[in-house]
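So the chains spell out like this:
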Amino acid sequence: MSLLECRGLTRAWGAFRAVDGVDLDLAEREICAVIGPNGAGKSTLFAMIAGNLRKSAGTVRFDGEEVSQLSAPALASRGVARSFQITAICPGLTALENVRLGVQARQPLRWRPFGGSAAMREGETRALHWLERLSLADRAQTPAGELAHGDQRLLEVAVALAQEPRLLILDEPTQGMSVEETRRTVDLLHGVMAEAATAVLLVEHDLDVVFALAPRIVVLHRGRKIADGPAAQVRADDAVQQAYLGGLD
Ligand SMILES: Nc1ncnc2c1ncn2[C@@H]1O[C@H](COP(=O)(O)OP(=O)(O)OP(=O)(O)O)[C@@H](O)[C@H]1O
Ligand SMILES: [Mg+2]
């Protein structure tokens, strides 16, 4: 059984179909990149899977359960974590406090008169762990809004991982980064994705990043899936070459 099963996912605005009948299966712990030209529908697809956007048609099953109508918080509590293309952290909170929010998204703090403080400490330890793994431990007490752009993006990944997701959705984690920052981020992501034991859906424009991180690639073009398979095979695909070289436009 697949962890994620999308069938016929469609999102239309008026007559325009931003995502058009996409089927997508993902196995437990599978890492898959979704690529495609600007406007292909990648973020829209991810928003529907994560419960941030209403579907015009189609269904999503997660871990054997029909979840098409669930909200993003309901999906988060089942193990779907998403980072956004636009950085979505709380700028006034410290880096550590942001990651604590991630820990709580999966396991909300309850009123536990005899276990509360132990749970708090454990949450703090877990949050610090992910900050460390993303090389941010020395900035734990820095307000997130004061971090460099690249560090803010890494913080977002730490927040997502702190949710202990079973499916991690990353929308352009290296967007706006320098070549050096991108290289460092790929190394860090490589390590944490292996450790976190989560399936990953990744949108990324930088094809070097895609090939470094994802054994499988799905290609969207004008809302439709035009290729899906092992990275080397997709790379050699004629339709993919044309979509990227503008041949289909
Ligand atoms: N709220 C909206 N209302 C109308 N059209 C929208 C809306 N959101 C997205 N679109 C359109 O849907 C199409 C797909 O957008 P989407 O953001 O999913 O593309 P993308 O593949 O993520 O592109 P990029 O690589 O630039 O991030 C685009 O043509 C976009 O203009
Ligand atoms: Mg996008």
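Note that this is a predicted model, so its numbers are computed, not measured.

Engineer: Any chance you could explain the pairing of strand β1 (residues 4-13) here in plain terms?
Structural biologist: Looking along a regular strand, one sees side chains alternate from face to face of the sheet. Pairing geometry for β1 and strand β2 (residues 16-26), over seven bridges, is antiparallel. For Trp-13, the partnering residue across the bridge sits in β2 and is Phe-16. The pairing of β1 with strand β4 (residues 57-62) spans five bridges and is antiparallel. Within β4, the position partnered with Arg-7 by the bridge is Thr-59.

Engineer: What's the story with the packing of aromatic side chains in this structure? I'm lost.
Structural biologist: To describe a pair of aromatic rings, one takes the distance between the centres and the angle between the planes. All chains considered together, the criterion is met by zero aromatic pairs. When the ring centre of Phe-211 is taken as origin, the NZ or CZ atom of Arg-235, which lies over that ring, is 3.7 Å away.

Engineer: Sorry if this is basic, but what is going on with the site of ligand 1 here?
Structural biologist: Taken together, 14 residues are adjacent to ligand 1, and Asn-38, Gly-39, Lys-42, Thr-44 and His-205 come closest. The separation between an oxygen atom of ligand 1 and a polar side-chain atom of Asn-38 is 2.9 Å. Contacts to ligand 1 include Gly-39, whose backbone N or O atom sits 2.8 Å from an oxygen atom. Of all the secondary structure elements, the ones that give two or more residues to the shell around ligand 1 are β2 and α1 (42-49). Per element, the largest residue contribution to the shell around ligand 1 is three residues, and it comes from α1. In the shell around ligand 1, the residues fall into five nonpolar, seven polar and two charged.

Engineer: What am I meant to see in the environment of Leu-202 here?
Structural biologist: Along the chain, Leu-202 turns up in strand β8 (residues 199-203). Leu-202 sits in the buried class, given a relative accessible area of 1%. With 156 residues separating them in the primary sequence, Leu-202 and Phe-46 have C-alpha atoms 9.1 Å apart. Once residues within four sequence positions are removed from consideration, Leu-202 is found in contact with Cys-32, Ala-33, Val-34, Phe-46, Leu-170, Pro-173 and Leu-213.

Thresholds applied
- Residues numbered from 1 in each chain as written.
- Chains lettered and ligands numbered in written order.
- Predicted model: local features only at pLDDT ≥ 70, side-chain atom pairs only at ≥ 80, totals over all residues.
- Heavy atoms only, no water.
- Pairing = 2+ DSSP bridges.
- Helix = DSSP H or I, 4+ residues; strand = E, 2+ residues; numbered from the N terminus.
- Phe/Tyr/Trp six-rings, centres within 6.5 Å; stacked < 30°, edge-to-face > 60°.
- Lys NZ or Arg CZ within 6 Å of the ring centre and 35° of its normal.
- Near = heavy atom within 4 Å.
- Polar contact = N/O pair within 3.5 Å; in protein donor to acceptor, adjacent residues only side chain to side chain.
- Nonpolar A, V, L, I, M, F, W, Y, C, P; charged D, E, K, R; others polar.
- Buried < 20%, exposed > 50% of the residue type's maximum accessible area, 1.4 Å probe, protein only.
- Contact = heavy atoms within 4.5 Å.

Everything listed is a geometric property; what it means functionally is a separate question.
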